[in-house]
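# Structural overview
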Amino acid sequence: MKTLVIGPGGREHAIVRALLRDPAVQEVHAAPGNAGMAAEVPVHPLDTNDAAATVELARSLSADLVVIGPEVPLVAGVADALREAGFAVFGPSARAAVLEGSKSFAKEIMAAAQVPTAAAHTCFTAGQVTAALEEFGAPYVVKDDGLAAGKGVVVTQDQQEAAEHAAACFAAGGHVVIEEFLDGPEVSLFVLSDGADVVALSPAQDFKRIFDGDQGPNTGGMGAYTPLEWLPDDFVEEVLETVARPVVQELALRGTPFNGVLYCGLAVTPRGIRVIEFNVRFGDPETQSVLARLDSPLGQVLLAAANGQLAGSQHLPLRWKPQTSVNVVVASQGYPQTSRKGDVITGLERAAALEGVSVVHAGTAFDQQGQVVADGGRVLSVVALGHTLDQARERAYAGIQEIGLEGSQHRTDIAARAARGDITVPAQSQE
């Protein structure tokens, strides 16, 4: 098959590489891609939010499958336009993508489907914010109700800081969702859906804060690892039964079948599993770690999902490499508040030559001399496979040491607590 991957980042580069490993995939194209993808597959200039241009590109390539990576084109209805033009698309419709585009809508769906989540209030005024903050108490959780690229959430002990974040969201024309704080380790689980059936990938854990020790502002994600050896054996099936299937069924009942990947952001609390958030696409940086372990042919599995045929796929259950995968993100100077561009990146080949190590590009481009330069934000990921979590961490950080980028930043503690055995599932209370 011929596949087209829409998006410019690390998630899309990881998808491209996994598709290239599928023996049934004849061609992989990316749009707009980045420097890393351009070195491996044909890339095409594209405004990813332009539905007509995306359809025209898919037509020109005779694509058998289009995979949409980012959330913004999904919310904008690009998947709808492609489906109407007759293409097999992995990615939800605009109506289904509201599950990520509006946190209040996600809460409504969860309430209807009886999915366990944090108590919450949607607030439109400063007075409502104050009342909600005082009701739930610290730590305060304030979320921009709309899309915010993973950076619209503030979790703080400071009520004034929480109120200021809400005020900034109001000033930008939005509203906020204020939630009770969920205490317990967090888990990311990607669930493939064809509108009726669901299949889970390997659970992962990511790291949102910019600095070591989970300090500093939220980012799009600074690293991840998988699998999570500290999870109970029945965790995935419990999430499928209590979260993913009920949500997919509720959306189908409303006439908006969900076809794509449902990202379940979860907290394992003393009261059981609770949903923190949903996204409607593969998460970045978890995708880089998760797909590095996938042994099943991604293209054939995604095509089955796109065509409503997951249940009959010969490639289920999914197969996984036995190794552990660790991903450490390298970000530009000033990220997440600002984003420096144009600095030359060195050592990419040396890092990728290390045993078990690969470099996944995100914010990269070529300069006029053909050198790979930073194009802002999260620049790249160093992904390593190892026989143990310790070995995977050592290999990832060895790769990081080979890479030169002026002013860059990365966390030094990705998966460190798990490697020390410091993460445990809370004992379940009977409340």
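Refer to the preceding data block for the structure.
I will try to describe carefully the structure that is included in this document. Going along each chain's sequence as written, the residues are numbered from 1 onward. Local features in this predicted model are restricted to residues whose pLDDT is 70 or higher, and side-chain atom pairs enter the listing and the counts only when it is 80 or higher, whereas totals over whole chains, interfaces and linings include all residues. Each side-chain value is derived from all of the structure's non-hydrogen atoms; neither hydrogens nor water enter the calculation.

Quick look at unusual backbone geometry now. Cis geometry is found at the peptide bond from Ala31 to Pro32, where omega equals -5 degrees. Of the consecutive residues Ala138 and Pro139, the connecting peptide bond is found in the cis state with omega at -10 degrees. As for its placement among the helices and strands, Pro139 is situated in the loop between helix 8 (126-136) and strand 6 (140-144). Starting at the N terminus, helices and strands are each numbered in turn, a helix being any DSSP run of H or I of at least four residues and a strand any DSSP run of E of at least two.

We call Phe, Tyr and Trp rings a pair once their centres come within 6.5 Å, taking the six-membered ring for Trp, and we label the pair stacked below 30 degrees between planes, edge-to-face above 60, and tilted otherwise. For the structure shown, the criterion picks out four aromatic pairs. Their ring planes at 90 degrees and their centres at 5.5 Å tell us that Phe190 and Phe282 sit as a pair that is edge-to-face. In this pair, Phe190 sits in strand 9 (residues 186-194) while Phe282 sits in the loop between strand 16 (272-279) and helix 11 (286-293), placing the two residues 92 residues apart along the sequence. We note that Phe190, like Phe282, is buried. Through successive ring pairs, a cluster of aromatic residues spans Phe90, Phe190, Tyr263 and Phe282. Relative accessible area decides the class of each residue, using a 1.4 Å probe on protein chains only: under 20% of the type maximum gives buried, over 50% gives exposed, and in between gives partly exposed.

With that settled, the discussion passes to the nonpolar core. To form a nonpolar core, buried Ala, Val, Leu, Ile, Met, Phe, Trp, Tyr and Cys residues must be joined to one another through side-chain atoms within 4.5 Å. One finds Leu99, Tyr225 and Phe278 to be the most contacted residues of the largest nonpolar core, which totals 80 residues. With eight residues, the single largest contributor to this core is helix 10 (residues 235-253). In contact with Phe278, not counting residues within four places along its chain, are Leu99, Glu100, Ala106, Met110, Val243, Val247, Leu262, Tyr263 and Cys264. Any two residues whose heavy atoms approach within 4.5 Å are treated as being in contact.

Further remarks concern the pattern of salt bridges. Any carboxyl oxygen of Asp or Glu within 4 Å of a side-chain nitrogen of Lys or Arg constitutes a salt bridge here. This structure, assessed with the given rule, holds 22 salt bridges. Linking Asp343 and Arg340 is a salt bridge whose minimum nitrogen-to-oxygen distance equals 2.6 Å. Accessibility expressed as a relative area gives 15% for Asp343, which makes it buried. One salt bridge in this structure joins Glu355 and Arg395, with 3.4 Å as the shortest N-O distance. Taken as a pair, Glu355 in the loop between helix 13 (348-352) and strand 18 (357-361) and Arg395 in helix 14 (residues 389-402) lie far apart in primary sequence, 40 residues in all. When its relative accessible area of 61% is taken as the criterion, Glu355 is described as exposed. On the basis of relative accessible area, Arg395 is assigned to the buried category, the value being 16%. Shared partners join several salt bridges into a network, and the residues in it are Glu71, Glu100 and Arg281.

Moving on to the environment of Asn307. Along the chain, the position of Asn307 falls in the loop between helix 12 (298-306) and strand 17 (324-331). Judged by relative accessible area, which is 39%, Asn307 ranks as partly exposed. In sequence terms Asn307 and Ala331 are 24 residues apart; their C-alpha atoms lie 37 Å from each other.

Below, the discussion takes up helix 14. Because the α-helix completes a turn every 3.6 residues, residues three or four places apart line up on one side. Helix span, expected: 1.5 Å multiplied by one less than the number of residues in the helix. Spanning 14 residues, helix 14 covers 20 Å between terminal C-alpha atoms, matching the ideal 20 Å at 1.5 Å per step. Every buried residue belonging to helix 14 is among Leu389, Ala392, Arg393, Arg395, Ala396, Tyr397, Gly399 and Ile400, and all of these are buried.

What follows is about the packing of helix 1 (residues 10-20) against helix 11. Axis definition: a line fitted to C-alpha atoms, limited for helices to the stretch in contact. Angles are taken between N-to-C directions and run from 0 to 180 degrees. Here helix 1 crosses helix 11 at 10 degrees, and the two axes come no closer than 8 Å. Relative to helix 11, the element helix 1 lies roughly parallel. Across the interface between the two elements, Gly10, Arg11, Ala14, Ile15 and Ala18 of helix 1 pack against Thr287, Gln288 and Leu291 of helix 11. Ten residue types, Ala, Val, Leu, Ile, Met, Phe, Trp, Tyr, Cys and Pro, are classed as nonpolar, four, Asp, Glu, Lys and Arg, as charged, and the remainder, Gly among them, as polar. For the contact of helix 1 with helix 11, the per-class residue count stands at four nonpolar, three polar and one charged. Throughout, the term roughly parallel applies to angles under 35 degrees, roughly antiparallel to angles over 145, roughly perpendicular to angles from 65 to 115, and oblique to all others.

Counting through the fold element by element, Asp206 comes out in strand 11 (residues 205-206). Residue Asp206 is classed as buried on the basis of its relative accessible area of 11%. Considered as a pair, Asp206 and Ala252 are 46 residues apart in the sequence and their alpha carbons are 30 Å apart. The residues contacting Asp206, other than those within four sequence positions of it, are Ser188, Gly223, Ala224, Pro285 and Glu286. Any N or O atom pair separated by 3.5 Å or less is treated as a polar contact, with the protein-specific requirement of one donor-capable and one acceptor-capable atom, and with residues adjacent in sequence counted only for side-chain atom pairs. There is a polar contact of 3.4 Å between the side chain of Asp206 and the side chain of Lys208.

Read these as spatial facts, not as claims about activity.
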